Amino acid sequence: MEEARKLEANEMTKTLPAEGTLHMTAHNKSYKYAGRSGSPRSALMQSVRQHRPAASSVDYTVTPLTEVYGSNVFNRATMRALLPKSVYKSITACLDKGERLDPALADIVANAMKDWAVSKGATHFCHWFLPMTGLTAEKHDSFVTPTGEDKALVEFAGKFLVQGEPDASSFPSGGIRSTFEARGYTGWDPTSPAFIMEGTNGKTLCIPSVFCSYSGQALDKKTPLLRSLEAISKQAVRLLHVLGNKAVKRVSCTVGPEQEYFLIDEAFYLARPDLINAGRALFGAKPPKGQEMEDHYWGSIRERVLAFMQDAEFELYKLGVPVKTRHNEVAPGQFEVAPIFEASNVACDHNMLLMEIFRKTALKHGLRCLLHEKPFSGINGSGKHNNWSMADDEGNNLLEPGSTPHENEQFLVVLTAVIRAVNKYGALLRASIASAHNDHRLGANEAPPAIMSIYLGDKLAEVVTGIISGKADDKGKAKRVIEIGVSMLPEISPDESDRNRTSPFAFTGNKFEFRAVGSSQSIAWPNTILNTMVADSLQYVADAIEAETKKGTELKKAVQAVVKKVLTENERVIFNGDNYSEAWHKEAEKRGLPNFRNTVEALPSLVTKEAKELFTKQGVLKEDELESRYHIMLEAYCKTINIESLLTAEIASTMILPAAIEYQSQLASAIVATKAAIGGAQITAHESMLRDLCNKIGHLHGAIDVLNSYIKSSKDDDEGHSDVYTHARYYQERVVSAMNEVRAAADELETLVDDSLWPLPKFREMLYIY
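Reading the values: the criteria
Residues numbered from 1 in each chain as written. Predicted model: local features only at pLDDT ≥ 70, side-chain atom pairs only at ≥ 80, totals over all residues. Heavy atoms only, no water. Helix = DSSP H or I, 4+ residues; strand = E, 2+ residues; numbered from the N terminus. Expected span 1.5 Å × (residues − 1). Buried < 20%, exposed > 50% of the residue type's maximum accessible area, 1.4 Å probe, protein only. Salt bridge = Lys/Arg side-chain N within 4 Å of Asp/Glu carboxyl O. 1 Å grid on protein atoms, 1.4 Å probe; cavity = no way out; pocket = protein on both sides within 12 Å on 5 of 7 lines; lining within 4 Å. Points joined across faces, edges and corners; volume = space filled by probe spheres on them. Nonpolar A, V, L, I, M, F, W, Y, C, P; charged D, E, K, R; others polar. Patch = residues over 30% accessible without salt bridge, like charges linked within 9 Å, V, L, I, M, F, W, Y side chains within 5 Å. Areas by Shrake-Rupley, 256 points an atom, 1.4 Å probe, with all protein chains shown as cover.

Caption draft 1: A look at helix H13 (residues 409-424). In a regular helix each residue adds 1.5 Å, so 16 residues correspond to 22 Å; H13 covers 22 Å between its end C-alpha atoms and thus fits that length. Across the 16 residues of H13, 13 count as buried, placing the element largely inside the fold.

Structure (structure tokens):
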């Protein structure tokens, strides 16, 4: 055991110049600095001070961005240069028109892809896919093939490009197949470009792929997303044709996911077992300074953080990820990056790459990137604002209202369909972002509540109200300007509506911003559900307009009648006010809008009769595929809470409680010594401190016992956990509340125990020292 501890300490050793060496284990068991024993806290602070690399490795004057951007992507420019014209034409038809790619072309494409990748230093290739873990997966294979004559060839046949065969038994399937049924297949997704991922000692060609079972069921997040994009294109094209726009052949969804994250010094991270294993701090008293000064948002970016951002952006540019904006976020230690809009499927892949690159790049700067939705209590958590829109094959945004939205028939019809979708399928939209992580964030005054509603802004709300009442103002309003009051400054032309950061689904000019998506979550699943429910509403509206015209109604009047009817039936979901307010929660209940406050309440919406009919009708998921996702998400919830509960009990028992008892012993000894020194006189203040400390230690001890009993019970088959939903509900109702009690008791002790004895880095340090 002692040898193992030495190995662990050596793994985490930080060398300090001249003055000595700090040996730091993950559990803060022992520290040595300059040959002397020191307190964990002072040694940790020294480590942070001495290891703060700030310089970026990027020199943009040597390598222009125009040459860097997309240099590691097998993109259109590269294909145009390397492929025969006929093959390139077939691929662009696949990308632009959704046509099926001829399998006979696979060998030609694979050979060109291999030559390009090898010329850039790649030695291996992999099918890169998105299993139901919510992460990415890959299995690397070498381009090298032995010839049998002590030599080797570098080759990559088309069959290896088109299809791979990973073991499917170890990936989540939600009961869709048995464990012994191990065969699964990955298949090349030509709509998302292949790319080269650089490692420390080599490069790998990554081929974005789908993942399915031997029986053809989708075992990933990409396949349903691609199906939903086909569904929404089909229904949108049909609706546009009904409206007389016959030229449109295809409609795509565009997405721009804003990514929030935290950065902390790696030394702090390695001293927090909860951050290492759960991604969030399970303990921590509120710091004296949080975010109340409002001084971090858009503040000057610290040099070390800016260096990290520059290096990460450089790597992302090589991968063709169009990151555009970077800034400090509201909470201390929190930041945001935002990209330009892309096709939904590509945007999803790029966001997964972004999270991976951020994690890797942070390590190079002695930092750790935290993507958890709520790594620190008491301050804002992190989200991923999913900016979503639709565009036809001519590049026209279907959600662009123009200067006179009341006269823009096509826009109003599409807007009406989206409003119906959110109202009718709001419970599904809520389920799409449900997770144990996101439960900590939704509903607080930092993120949208769990009630799905739509914000339209004043002008559009007036248009909708006018249509419903039949008193639309067709004159519109003159565009106003903002007078700043300083003569040398220009006038500002405001947008048509203000932003509403409290709304979960807000119209922001020419797109909808789905603000409730979690920061660590893949955007594939929320967009799959959003696309599917909008496709259904587009079909509903098209059917209704066609039914009216078949009665002999003029098209314009048919459109007006259908839009008015659908808006009237779905008006309840529109809310332009403060979604944080208690008044809105009461009003939403009156309107009959669902309010699922946690994951366990939200997920059953996925397997209702209505949900199954929706997904099967639109060809996105079969019933067993939908049920499997329901089970996987419940299982993930149970596993997450189980890990957190075990960590909570262990850290409280082996780190916090011993530190508190040590301080109790020191305080008691000090009282005895003081009394002896002054002749047995009463020292009331000291004794009061000791009594208070003893009571709080007892509270913590009792809370740990309760938590351990619930953990044991959660694994006991006799408790009646006959299905995964019942098990998840038990975790939510019993285990989570018990964890909270342990934390509350521990956080109280943090404010009492001698700082030098406290075994965990505190929020006041982690959030400000980086």
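Caption draft 2: Seen up close, the pattern of salt bridges. The full count for this structure, using the stated rule, is 31 salt bridges. The partner of aspartate 543 in a salt bridge is arginine 238, with the nearest N and O atoms 2.5 Å apart. Linking aspartate 543 in helix H16 (residues 524-550) with arginine 238 in helix H8 (residues 222-242), this pair joins segments that are 305 residues apart in sequence. For aspartate 543, a relative accessible area of 35% translates into the label partly exposed. With relative accessibility at 24%, the residue arginine 238 sits in the partly exposed group. Among the salt bridges present, the one from glutamate 313 reaches arginine 326, with a minimum N-O distance of 2.6 Å. Within this pair, whereas glutamate 313 is found in helix H11 (residues 303-318), its partner arginine 326 is found in strand S14 (residues 323-328), the two being separated by 13 residues in sequence. If you follow the salt bridges from partner to partner, you end up with Glu198, Lys203, Glu315 and Lys318 in one network.

Caption draft 3: View of the layout of surface pockets. Put simply, the second largest pocket is a space of about 1500 Å³. Along the walls of the second largest pocket sit 46 residues, with Thr133, Gly134, Leu135, His437 and Ser520 positioned nearest its centre. Among the secondary structure elements, those contributing two or more residues to the lining of the second largest pocket are helix H10 (273-278), helix H12 (344-364), strand S17 (367-370) and helix H21 (623-677). The element that contributes the greatest number of residues to the lining of the second largest pocket is H21, accounting for 10 residues. Taken together, the residues that form the lining of the second largest pocket break down as 21 nonpolar, 15 polar and 10 charged.

Caption draft 4: Here's a closer look at a nonpolar patch on the surface. Residues Val118, Val144 and Val154 make up a contiguous nonpolar surface patch of about 210 Å² in total accessible area. Relative to the assigned elements, valine 154 resides in strand S8 (residues 152-154). A residue is classified by how much of its surface remains accessible, and valine 154, at 42% relative accessible area, is partly exposed.

Caption draft 5: Geometry of unusual backbone geometry. The backbone phi angle of tryptophan 298 is positive, close to 60°, even though this residue is not glycine. By the element assignment, tryptophan 298 lies in the loop between H10 and H11.

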